[in-house]
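# Coordinate inspection notes
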Amino acid sequence: KATGLMLDLSTFYRTGFKDLVLAMAMKNFGPDRKFINEKFKMPLLFNINTAMSIIGKRGEQFVLTVSTESCFATDYKDRYHIGAEVWLLDKLALRGGYKFYYDLEDYSFGAGFKINVAGKPISIDVAYSNVLSYFEAPLRFSIGGEF
């Protein structure tokens, strides 16, 4: 049994240039841990992300958004992610992405559908992530909404 308290810190900045967004996160910030009689450090992660609509604006008939992210870890080599999302008629989303320098994963893709129920948006999403070995590729489903 091991216990501990870690802190994740993040920020989200709208640049004012079109809809360009910058985001940063530091994860697993905290003191060294001890398990049985051995001390160890938690893997500190630092992410930097950018995202921007290349074609269209949110709510329009066709919107293409791209995103890039870097992930720096104290216990592993740097990793990078790219992704894109296309919204059609502000109802249907098609998504795809790629992870660089991962041992078990590489590409992913998915789709989402948004409807309004009593004036509130409800979203239904599905995503597939390719797994290279050891495990079966996961298929994820989610339902979201606002109230």
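Refer to the structure presented above.
Residues numbered from 1 in each chain as written. Predicted model: local features only at pLDDT ≥ 70, side-chain atom pairs only at ≥ 80, totals over all residues. Heavy atoms only, no water.

Further remarks concern the pattern of salt bridges. Enumeration according to the criterion identifies 5 salt bridges in this entry. Note that Glu85 and Arg95 form a salt bridge whose closest N and O atoms lie 2.7 Å from each other. Highlighted residues: Glu85 in strand S7 (residues 76-88) and Arg95 in strand S8 (residues 92-100), separated in sequence by 10 residues. According to the relative accessible area criterion, Arg95 is partly exposed, its value standing at 28%. Linked through salt bridges whose partners overlap, the residues forming this network are Glu85, Arg95 and Asp125. (Salt bridge = Lys/Arg side-chain N within 4 Å of Asp/Glu carboxyl O. Helix = DSSP H or I, 4+ residues; strand = E, 2+ residues; numbered from the N terminus. Buried < 20%, exposed > 50% of the residue type's maximum accessible area, 1.4 Å probe, protein only.)

Our next topic: the packing of aromatic side chains. Evaluation of the coordinates by the stated rule reveals 5 aromatic pairs. Where Tyr80 meets Tyr101, the ring centres are 6.2 Å apart and the plane angle is 75 degrees; that geometry is what we call edge-to-face. Taken together, the positions of Tyr80 in strand S7 and Tyr101 in the loop between S8 and strand S9 (105-117) put the pair 21 residues apart, joining distant regions of the chain. Owing to a relative accessible area of 34%, Tyr80 belongs among the partly exposed residues under this scheme. Classification of Tyr101 as partly exposed rests on a relative accessible area of 48%. Pairing Tyr107 with Tyr128 gives two aromatic rings, centres 6.4 Å apart and planes at 40 degrees, and the pair type is tilted. Taken together, the positions of Tyr107 in strand S9 and Tyr128 in strand S10 (residues 120-131) put the pair 21 residues apart, joining distant regions of the chain. Residue classification places Tyr107 among the partly exposed positions, given a relative accessible area of 34%. Owing to a relative accessible area of 23%, Tyr128 belongs among the partly exposed residues under this scheme. Taken together, the aromatic side chains of Tyr107, Phe109 and Tyr128 make up a single cluster linked through ring pairs. Positioned above the aromatic ring of Tyr102, the side-chain terminus of Arg79 is 4.2 Å from the ring centre. (Phe/Tyr/Trp six-rings, centres within 6.5 Å; stacked < 30°, edge-to-face > 60°. Lys NZ or Arg CZ within 6 Å of the ring centre and 35° of its normal.)

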